[in-house]
Structure formats: C-alpha cells, structure tokens
Amino acid sequence: MPAVCSAYGCTNRSNKTTDLSYYKLLLFLIMLKGIFCFRFPLKNEELTKKWVDALRRDKWYPTPASYLCSAHFSEKCTYKTNNQRRLFASAVPTKLFFSEHLKKNG
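Residues numbered from 1 in each chain as written. Predicted model: local features only at pLDDT ≥ 70, side-chain atom pairs only at ≥ 80, totals over all residues. Heavy atoms only, no water.

## Describing the overall build of the chain
Step number 1: Within the chain, the regular secondary structure consists of three helices and six strands.
Step number 2: Secondary structure elements in the chain, listed N-terminal to C-terminal, are β-β-α-β-α-β-β-β-α.
Step number 3: Put simply, the chain has 106 residues, and 37% of those count as buried.
Step number 4: Residue pairs at least 24 apart in sequence account for 52% of intrachain contacts in the chain once pairs closer than 6 positions are excluded.
Step number 5: On the chain, roughly 7,600 Å² of surface is accessible, and the fraction owed to carbon and sulfur atoms is 55%. (Helix = DSSP H or I, 4+ residues; strand = E, 2+ residues; numbered from the N terminus. Buried < 20%, exposed > 50% of the residue type's maximum accessible area, 1.4 Å probe, protein only. Contact = heavy atoms within 4.5 Å. Areas by Shrake-Rupley, 256 points an atom, 1.4 Å probe, with all protein chains shown as cover.)

Here it is as structure tokens:
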C-alpha cells in the first residue's frame, strides 16, 4: 500500500509492495529526490495536534495510515541513520503550501 502525503496539493508518495513498473519508477524517482514519508505521531496527542493544525485541513484527523512527506519538514527537523531519514521527536511540519482560501484562514 503506498504512503501518500496528507498535505494539501502534495502528490509525493512511496510504494514498497506493488510490482507494477509505474510504481517502481515512481518510488525510484522519489528516492532520487530524497523524499521520505513519516507517519503522524498519534501516540503523542500534543504533537499530533501541532501537525494537524499546520496542515489546516478542516474536520480531518490522521489515521495510522496517514503520512507526511519529508518535503514539508526543514532539514533541521531530520537526521539520518544508516539509509533512513528520521524526524526528531519534536519536529513539526513548516514547509506547507496552501490554496488561497486556506492562506486567508491561517
């Protein structure tokens, strides 16, 4: 099942389970761009609220299958271990792009 970014207008996704060549190519391109997907910190309600507030999505709450991609976090929010990119425990997404009506409400 692909991990699809939950941010408004973002089309980044990762996919590790399908054998379709389109998805393999897409995953390869994402890896070249250095995009990683992170699950919402659902066990930390305060941090989850900060992530959801940053997204400005009305009446939406993340599920265990919800992700945000690394494009929405500054470099200082992440660190690398082996070949994986990880978030610091207090990281909050700051690099988000909104439609005009969401910009006015933020």
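Next comes the rest of the write-up.
## Quick notes on the nonpolar core
Step number 1: Membership of the largest hydrophobic core comes to 19 residues, with the highest contact counts inside it found for Ala7, Phe40, Trp51, Leu55, Leu68, Phe73 and Leu87.
Step number 2: When residues in this core are grouped by element, the largest group, five residues, is from helix α2 (residues 45–55).
Step number 3: Discounting chain neighbours no more than four positions away, the residues touching Phe73 are Phe38, Trp51, Leu68, Leu87, Ala91, Val92, Pro93 and Lys95. (Core = buried A, V, L, I, M, F, W, Y, C linked by side-chain atoms within 4.5 Å.)

## What about the side chain of Ser66?
Step number 1: Turning to its location among the elements, Ser66 is positioned in the loop between α2 and β4 (67–69).
Step number 2: Residue Ser66 is classed as buried on the basis of its relative accessible area of 7%.
Step number 3: A polar contact is formed between the side chain of Ser66 and the backbone nitrogen of Thr63, at a distance of 2.9 Å.
Step number 4: If we ignore the near neighbours within four places in the chain, the residues touching Ser66 are Ser6, Phe38, Arg39, Phe40 and Trp60. (Polar contact = N/O pair within 3.5 Å; in protein donor to acceptor, adjacent residues only side chain to side chain.)

## So, α2
Step number 1: Looking at α2, one finds that the buried residues are Leu47, Thr48, Trp51, Val52, Ala54 and Leu55. One side of α2 carries all its buried residues, which in axial view fall inside an arc of 160°. Across from the buried face of α2, at angles greater than 90 degrees, the exposed residues are Glu45, Glu46 and Lys49.
Step number 2: Looking at the buried side of α2, the elements it contacts are β3 (37–39), β4 and β6 (84–87). (Arc of directions from axis to C-beta.)

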